[in-house]
Amino acid sequence: MSRKALITGITGQDGSYLSEFLLDKGYEVHGLVRRTSALNRQRIDHLFNLEEYHDGKNLEVKLHYGDLTDSSSLIKVIEKVQPDEIYNLAAQSHVKISFEIPVYTSEVTGIGVLRLLEALRKIDNKSVKFYQAGSSEVFGLNPSSPQNELTSFRPRSPYGASKAFAHNITVNYREAYKLFLCNGILFNHESPRRSENFVTRKITLGAVAIKLGLQHSLALGNLEARRDWGYAKDYVEAMWLMLQQDQPDDYVIATGESHTVRDFCEKAFSFLNLDYEKYIKIDPKYFRPTEVDNLVGDASKAKKILGWKNKTSFDELIKIMVEADYEYLEKQMKQK
Ligand code: NAP
Ligand code: GDD
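Residues numbered from 1 in each chain as written. Chains lettered and ligands numbered in written order. Predicted model: local features only at pLDDT ≥ 70, side-chain atom pairs only at ≥ 80, totals over all residues. Heavy atoms only, no water.

Participant: So what exactly am I meant to see when it comes to the sheet that holds strand β4 (residues 85-88) here?
Facilitator: Hydrogen bonding along the main chain pairs the strands of a sheet, whether they run parallel or antiparallel. Within the open sheet, the 7 strands sit side by side as β3-β2-β1-β4-β5-β6-β11. Their pairing is parallel. Across the chains shown, the open sheet's two edge strands, defined by having one partner strand only, are β3 (61-65) and β11 (250-253). Shown here is a sheet whose adjacent strand axes are inclined to one another by a mean of 20 degrees, direction ignored. Taken together, the 7 bridges between strand β5 (residues 129-135) and strand β6 (residues 180-186) define a ladder with parallel strand orientation. Across the sheet, the residue bridging to S135 is L186, located in β6. Lying on the sheet, helix α1 (residues 13-24) is in contact with β1 (4-8), β2 (28-33), β3 and β4; it crosses β1 at an angle near 175 degrees. (Pairing = 2+ DSSP bridges. Helix = DSSP H or I, 4+ residues; strand = E, 2+ residues; numbered from the N terminus. Axes fitted to C-alpha atoms, helices over the stretch in contact; angles between N-to-C directions. Contact = heavy atoms within 4.5 Å.)

What follows is the structure, given as structure tokens:
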């Protein structure tokens, strides 16, 4: 019989790649989706045409309505699906926006995790394995470098503080109730499926739009922040690997390299033979009240125990994103 996975946040960037990864492994995949006035399932639509996607193999994706702010929905879905593995990827995941909606962000990204853990406790099945999508944003202000599982947390946003709570409560429930709960502390990971208001996708889409004559400039905020950027498709494998171990634990997942936002711009524009300095405009509205200046992760524990290592270089990632956005915008132009 197929193993069953329940993914919260299945409509997001990581949810879509994780679904593909688990279907390839023969899982029955269930996803929690929110009610929205217009359907927002572009990233997973292709998974429902399973004949085409999986060569006629008998694989399933099933969606269930629910929300991390609604405990009753979480209990109901877990009881109904009886998953072997739960991947909690749902979150209000935008750092800058978390300053505009701090209470909501804490409700979903922080307390939402506790609601799920309580739902797990209630069904009282100790064999369920749980993955919590933790973030390098927890390291925040002037962390020692590179950051690993022992680096202390000093979050710099309502989002980071919510993820720190989520991490700590997951560790506490693991110790207190002997549940199989893991935190992945993932550094930034990107792809052509990244939402357009995160900086990498904003840059690749903007650069291609400039190349195609659709816009003349691109407004950004802080170009000096450093991030450790990997490819989302590589990172979902690490989530799965954590749940295949004998013991639950926490792992940093990162490339080990950091680059500035400026470096990212320079590379993305240069793939299109453009000089970024001619097109980037600085707009103070994209600056954050408090910034995380420098993130770079040390994933040696994941390498040693999970056998995971980064596969896609910084340049390859940018190339994948620029090429995908070129194809996307060209298609849009032809349809007009
Ligand atoms: P994303 O694209 O923003 O996806 C977030 C998902 O959460 C979407 O499916 C969204 O549904 C869902 N969601 C939001 N609020 C919800 C709620 N109240 N109840 C149920 N579902 C809700 O994020 P991502 O980049 O895939 O990241 C996945 C997870 O990893 C997030 O928890 C994020 O914070 C964390 N993370 C991401 C990175 C990264 O670099 N990508 C790094 C570290 C950690 P809708 O489609 O309906 O909005
Ligand atoms: N979004 C955005 N838009 N960021 C900009 C812009 C802009 O116009 N201009 C400069 N930046 C800078 C931000 O100030 C930040 O330093 C950096 O670009 C990256 O911003 P984001 O792409 O929004 O990502 P993030 O690092 O804040 O958060 C992402 O990574 C976290 C892991 O460290 C998100 O995916 C989080 O959910 C994730 O936890």
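What follows picks up the thread again.
Participant: Where do I start with the site of ligand 2 in this structure?
Facilitator: The immediate surroundings of ligand 2 are formed by 23 residues, with S135, S136, Y159, R288 and E291 found nearest. Backbone polar atom of V199 to an oxygen atom of ligand 2: 2.8 Å apart, as the coordinates give it. Between ligand 2 and R227, the relevant distance is 2.8 Å, taken from an oxygen atom to a side-chain nitrogen or oxygen of the residue. Burial of ligand 2 by the surrounding chains reaches 95%, relative to a free accessible area of 720 Å². A breakdown of the residues in the shell around ligand 2 according to their chemical character gives 9 nonpolar, 8 polar and 6 charged. In terms of domain composition, the shell around ligand 2 takes at least three residues from each of domain 1 (4-191 + 231-253) and domain 2 (199-226 + 258-293 + 312-335). (Near = heavy atom within 4 Å. Polar contact = N/O pair within 3.5 Å; in protein donor to acceptor, adjacent residues only side chain to side chain. Areas by Shrake-Rupley, 256 points an atom, 1.4 Å probe, with all protein chains shown as cover. Nonpolar A, V, L, I, M, F, W, Y, C, P; charged D, E, K, R; others polar. Domains from an automatic or database assignment.)

Participant: Which parts of the structure should I look at to understand helix α8 (residues 232-243)?
Facilitator: In terms of burial, α8 is a largely internal element, 10 of the 12 residues being buried. Within α8, burial applies to A232, D234, Y235, V236, A238, M239, W240, L241, M242 and L243. (Buried < 20%, exposed > 50% of the residue type's maximum accessible area, 1.4 Å probe, protein only.)

Participant: Got a minute to help me understand the site of ligand 1 in this structure?
Facilitator: Around ligand 1, 25 residues are found, and the nearest of them are T11, D14, D67, S93 and Y159. Q13 places a main-chain nitrogen or oxygen 3.1 Å from an oxygen atom of ligand 1. With respect to ligand 1, the backbone of H189 contributes an N or O atom lying 2.9 Å from an oxygen atom. Considered on its own, ligand 1 offers 910 Å² of accessible surface; in the complex 91% of this is hidden by protein. Of the residues assigned to the shell around ligand 1, the class counts are 10 nonpolar, 10 polar and 5 charged.

Participant: Hey, could you run me through a nonpolar patch on the surface in this one?
Facilitator: On the surface, I97, I101 and Y104 cluster together into a nonpolar patch covering about 220 Å² of accessible area. By the secondary structure assignment, Y104 is in helix α5 (residues 102-123). (Patch = residues over 30% accessible without salt bridge, like charges linked within 9 Å, V, L, I, M, F, W, Y side chains within 5 Å. Salt bridge = Lys/Arg side-chain N within 4 Å of Asp/Glu carboxyl O.)

Participant: Would you mind showing me how to read the nonpolar core here?
Facilitator: Generally speaking, nonpolar side chains in soluble globular proteins are found buried as a group. Counting 64 residues, the largest nonpolar core has L22, Y87, Y131, I203, M242, I253 and F269 as the members making the most contacts within it. Among the elements that line this core, the one with the most residues is α8, at 9 residues. Of the residues that make up this core, three or more belong to each of domain 1 (4-191 + 231-253) and domain 2 (199-226 + 258-293 + 312-335). With 23 residues, the next largest nonpolar core counts V77, A166, I169 and L181 among its residues. (Core = buried A, V, L, I, M, F, W, Y, C linked by side-chain atoms within 4.5 Å.)

Participant: Is there a simple way to think about the domain arrangement of the protein chain in this case?
Facilitator: The accessible area lost on association of the parts is a frequent measure of interface size. Considered domain by domain, the protein chain is made up of domain 1 (4-191 + 231-253) and domain 2 (199-226 + 258-293 + 312-335). The distance between the C-alpha centroids of domain 1 and domain 2 comes to 28 Å. Listed per partner, the contact involves 11 residues of domain 1 and 14 residues of domain 2. Taking both partners together, domain 1 and domain 2 bury about 1200 Å²; carbon and sulfur atoms supply 58% of that area. Of all residues in domain 1, K96, R156 and Y231 give up the largest surface area on contact with domain 2, accounting jointly for 45% of the area buried on that side. Where domain 1 touches domain 2, the interface holds 0 salt bridges. (Buried area = accessible area lost by both parts, 1.4 Å probe.)

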